[in-house]
Amino acid sequence: MNDNAVKYDILKELFNISAGKAASMLSEITNRKILLNVPDIKIFNADDKKFKLEENLPKVLNGTLMVSSISFEDKLTGRANLIFPAQKMKSFINLCMNGSSIDDQSLNFNDMDFDIVKEIGNIILNSIMGEIGNYLNVNLEYTLPEIKVYSKIDFRKDIENKKSMQILMLYITFIIDDIQIEGAVIVDLTLNSLNILMQKIDEIKDEFYE
Amino acid sequence: MNKILYDVLENLNEGVVLTNDKLNIDFWNGKMEQVSKINKKDAVGKNIFEILPQLNKDYFNKSINAVLKHGSKMFFAAAMHANIIPGNDKYNIKISRLSKDESKFLFIEFINVTNEFVRINELKKYINELNVLNTELKHKEKIISNLAYYDNLTGIGNRTLFYEQADKMLESAKINNSIVALMFIDVDNFKSINDTYGHDAGDKALVRVANMLTESIRNYDIVARFGGDEFVLMFSCPENTENYKKVVSRIIQKKDEMASIGEVKISLSIGISFYPHDGDNIQKLIRKADKAMYLAKKNEQKNKFFYSFCF
């Protein structure tokens, strides 16, 4: 089997395990059935002139986006961004607060809304990055999430400002009751950090084939 | 320095709890005493779940273990977790780890956000009230607009609306080089209907005539009450002026179906003029149609109409 394909599969499996744990915690907190899947992942070089972020984001991530970001350092350095369409997040917040996904067309978020997204973002990102760190025996220290509401263009500029970054893109699907929210987790890593990660994956792969 | 740092924590305007890695409370600051009504002497040394039983949930347990083991930071929003500290106030909770030598400590912050909740709820209430007012205003605007353009009795357009719509129809006919017919319709002997049967009967007659005329034309044609017992119809004649005959025969048919109220028989006099033959503006067309209607009225026959094109 193609070497790269195996590494991607291992990474995807790790992320799905951690996403599952995050979903389980969110289910307990909200008392609703929540599923979180990572159906696909990709790795890009932000320095590559051919790389265009908007061509690789899920199509549903259009218009206004809600982004939770955590920064981490020590063995792995970089930033992880959890991105969802703002309108869908509004429905999710309403579901958590009122128990119904009220059809609220406004994109006005108040402090309470931001706090809820901060909690959700922290649980998901903590789980994903934390599980990686745990599995790979790599210590990660990260901040609590910053939450921002962006247009897609401004978000793209923000990502593209980070030179010498490798981008690990996780395509995610978040299902709560009958609401399906497609989004992405974008992890910016320095080249060195990505190499460390892929080295560790290699070790797992080799153990697997022993 | 330690004393100063201790005093800082003790006097912070947010609740601060420090536990060891067995989750026994080492520090319970002044704010925690104030908000929880639990004295530090009753809290220190006890397990955090004993003092704050609402924290004793599976997800809090898992989060706390992850914080102690990996040093991750956890955040819990007040909107999602109520009554961790008993009472009506709302708290965001931050949990992180402190380390000294080999020892690990849990650092829990309770940040009071009750004022934000109150302000947000007040704003939401205010916005709801504004929305209700806005809906009422729009409803009233519609009523005012209707009063300005629609006849109160029959519900069809009034003279003001007619002139606006007629101008547009003539503009369109000029551009497309097409023919427009204007019918001026009068209810015969309307005064005697009122005098004999009363004004109620007269009003009913007008309503029925309005309905009948509306049903005789297409949705995009114009019907309006011109005033008193006079009505006006305006419609395009796509092929030639003879199209008016179809409309007239529909009016007559409907009139015969519904024209009597009690013993009152309604008859109409209709005068017709055409753009561009009879005039290139609405005033000319009305004058011609009115003259034609007058001639029709003098005609003793039933279902009187007069086509002004003969002039």
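The rules we used
- Starting from 1, residues in each chain are numbered consecutively following that chain's sequence as written.
- Ligands are numbered from 1 and chains lettered from A, in the order in which they are written.
- Per-residue local features are limited, in this predicted model, to residues with pLDDT of at least 70; the limit for side-chain atom pairs, both in listing and counting, is 80 or more; totals at the level of whole chains, interfaces and linings are taken over all residues.
- Values reported for side chains reflect all heavy atoms of the structure, with hydrogen atoms and water molecules removed beforehand.
- Aromatic pairs are defined between Phe, Tyr and Trp rings, using the six-membered ring for Trp, whenever the two ring centres lie within 6.5 Å; interplanar angles under 30 degrees are classed as stacked, those over 60 as edge-to-face, and all others as tilted.
- A run of H or I in DSSP counts as a helix once it spans at least four residues, and a run of E counts as a strand once it spans at least two, with each numbered from the N terminus.
- Comment: the charge-over-ring label is applied if NZ (Lys) or CZ (Arg) is within 6 Å of the ring centre and within 35 degrees of the ring normal.
- Only the stretch in contact is used when fitting a helix axis, every axis being a line fitted to C-alpha atoms; angles between N-to-C directions are given from 0 to 180 degrees.
- Comment on the angle field: the value is read as roughly parallel under 35 degrees, roughly antiparallel over 145, roughly perpendicular from 65 to 115, and oblique elsewhere.
- Throughout, a contact is declared for two residues whenever any of their heavy atoms are within 4.5 Å.
- Residue polarity is assigned by list, with Asp, Glu, Lys and Arg as charged and Ala, Val, Leu, Ile, Met, Phe, Trp, Tyr, Cys and Pro as nonpolar; anything else, Gly included, falls into the polar class.
- Relative accessibility under 20% of the residue-type maximum defines a buried residue, over 50% an exposed one, and the middle range a partly exposed one, all with a 1.4 Å probe and only protein chains included.
- Strands were regarded as paired on the criterion that DSSP finds at least two bridges between them.
- Put plainly, a pocket is an open set of points on a 1 Å grid over the protein atoms alone with protein on both sides within 12 Å along at least five of seven lines, a cavity is a set where a 1.4 Å probe fits but cannot get out, and a lining residue has an atom within 4 Å of a point.
- Grid points are joined across faces, edges and corners, and a volume is the space filled by probe spheres set on the points.
- Each residue carries a pLDDT score, the predictor's confidence in it, ranging from 0 to 100.
- Summed over both partners, the accessible area (1.4 Å probe) lost when two parts come together is defined as the buried area.
- For salt bridges, the criterion is a side-chain nitrogen of Lys or Arg within 4 Å of an Asp or Glu carboxyl oxygen.
- Under the rule applied, a polar contact is a pair of N or O atoms within 3.5 Å (in protein, one hydrogen donor and one hydrogen acceptor; residues adjacent in sequence only if both atoms are side-chain atoms).
- What a helix should span is 1.5 Å times the count of its residues minus one.

1. Some details on the packing of aromatic side chains
All names here are of chain B. Within this structure, the stated rule accounts for 11 aromatic pairs over all chains. On the numbers, 5.3 Å between centres and 75° between planes, the contact of Tyr 6 with Phe 27 is edge-to-face. Remark: Phe 27 occurs in strand 2 (residues 25-28) and Tyr 6 occurs in helix 1 (residues 2-11); sequence separation between them is 21 residues. Aromatic rings pair up to connect Phe 162, Tyr 163, Phe 184 and Phe 226 into one cluster. For Arg 159, the ring lying beneath its charged end belongs to Phe 226, and the centroid distance is 4.1 Å.

2. Focus on the packing of helix 7 (residues 159-176) of chain B against helix 11 (residues 282-298) of chain B
All names here are of chain B. Look at helix 7 against helix 11: their axes get within 10 Å of each other, and the N-to-C directions meet at 105°. Here helix 7 is positioned roughly perpendicular relative to helix 11, judged by the angle of their axes. The residues of helix 11 that touch helix 7, namely those facing Phe 162, Tyr 163, Ala 166, Asp 167 and Leu 170, are Ile 282, Gln 283, Leu 285 and Ile 286. Counted by class, the contact of helix 7 with helix 11 contains seven nonpolar, one polar and one charged residues.

3. Quick notes on the pairing of strand 1 (residues 15-20) of chain B
As a general feature of sheets, a regular strand has side chains that alternate between the two faces. Residue and element names in this part refer to chain B. Taking burial as the measure, the six residues of strand 1 include six buried ones, the bulk of the element. Residues Gly 15, Val 17 and Thr 19 line one face of strand 1 and the alternating positions Val 16, Leu 18 and Asn 20 line the opposite face, and both faces are buried. Bridge count for strand 1 against strand 5 (residues 103-112) is six bridges, and the pairing is antiparallel. Each residue of the ladder has a partner; that of Val 16, found in strand 5, is Glu 109. Bridging between strand 1 and strand 2 involves three bridges; their strand directions are antiparallel. From the neighbouring strand, Leu 18 faces strand 2, where its bridge partner is Phe 27. Where strand 1 folds back onto strand 2 in an antiparallel hairpin, the turn is made up of four residues, including Leu 23, whose phi is positive at roughly 70°.

4. Examining the layout of surface pockets
In this structure, the largest pocket encloses a volume near 620 Å³. Every element with two or more residues in the lining of the largest pocket is listed here: helix 1 (3-30), helix 4 (111-135) and strand 4 (140-142) of chain A together with helix 5 (58-70) of chain B. It is helix 4 of chain A that provides the largest number of residues to the lining of the largest pocket, a total of eight residues. Here the residues of the lining of the largest pocket sort into nine nonpolar, 12 polar and four charged.

5. A short note on the confidence of the model for chain B
With 92% of its residues at a pLDDT of 70 or more, chain B shows a mean pLDDT of 88. Here the prediction assigns the complex a pTM of 0.69, and the interface score ipTM is 0.86.

6. Observations regarding the packing of helix 8 (residues 190-197) of chain B against helix 9 (residues 199-216) of chain B
Each pair of packed helices can be summarised by the angle the axes make with each other and by the distance between the axes. Residue and element names in this part refer to chain B. In the contact formed by helix 8 and helix 9, the axes pass within 6 Å of each other and the chain directions differ by 140°. One element, helix 8, and the other, helix 9, form an angle in the oblique class. Between helix 8 and helix 9, the contacting residues are Phe 190, Ile 193, Asn 194 and Tyr 197 on the first element and His 199, Ala 201, Gly 202 and Leu 206 on the second.

7. Here we look at the interface of chain B and chain A
Contact residues are listed per partner, giving 20 residues for chain B and 21 residues for chain A. At the boundary of chain B with chain A, total buried surface from both sides reaches about 2000 Å², with 64% on carbon and sulfur atoms. Summed over the three residues of chain B that lose the most area to chain A, namely Lys 73, Phe 75 and Met 80 of chain B, the buried surface amounts to 32% of that side. For the pair chain B and chain A, the number of links is one salt bridge. One salt bridge connects Lys 62 of chain B with Glu 28 of chain A, and the closest N-O pair in it is separated by 3.5 Å.

8. Observations regarding the pairing of strand 6 (residues 179-187) of chain B
All names here are of chain B. For strand 6, the buried fraction is high: nine of the nine residues fall into the buried class. Covered by surrounding structure in strand 6 are Ile 179, Ala 181, Met 183, Ile 185 and Val 187 together with Val 180, Leu 182, Phe 184 and Asp 186, the residues of both alternating faces. Taken together, the eight bridges between strand 6 and strand 8 (residues 230-237) define a ladder with antiparallel strand orientation. From the neighbouring strand, Asp 186 faces strand 8, where its bridge partner is Glu 230. The sheet contact formed by strand 6 and strand 11 (residues 268-275) spans eight bridges and is antiparallel. Note that in strand 11 the partner of Ile 185 across the bridge is Ile 270.

9. Considerations on the sheet that holds strand 2 of chain B
Residues and elements named next belong to chain B. Reading across from one edge, 2-1-5-4-3 is the order of the five strands in this open sheet, with antiparallel pairing throughout. Looking at which strands have only one partner, the edges of the open sheet turn out to be strand 2 and strand 3 (74-76). Averaged over all neighbouring strand pairs, the angle between strand axes comes to 20°, with direction disregarded.

10. Considerations on unusual backbone geometry
All names here are of chain B. With an omega dihedral of 5°, the bond running from Tyr 275 to Pro 276 counts as a cis peptide bond. One can find Pro 276 in the loop between strand 11 and helix 11. Unlike most non-glycine residues, Asp 101 shows phi in positive territory, near 55°. Within the secondary structure, Asp 101 is located in the loop between strand 4 (91-100) and strand 5.

11. Some points on the side chain of Asp 188 of chain B
Along the chain, Asp 188 of chain B falls in the loop between strand 6 and helix 8. A polar contact is formed between the side chain of Asp 188 of chain B and the side chain of Lys 297 of chain B, at a distance of 2.9 Å.

12. Focus: helix 11 of chain B
For helix 11 of chain B, which comprises 17 residues, the first-to-last C-alpha distance of 24 Å matches the rise-based estimate of 24 Å (1.5 Å per residue) to within 8%. Between a side-chain oxygen at the N-terminus of helix 11 of chain B and the backbone nitrogen of Gln 283 of chain B the separation is 3.1 Å; the capping residue is Asn 281 of chain B.

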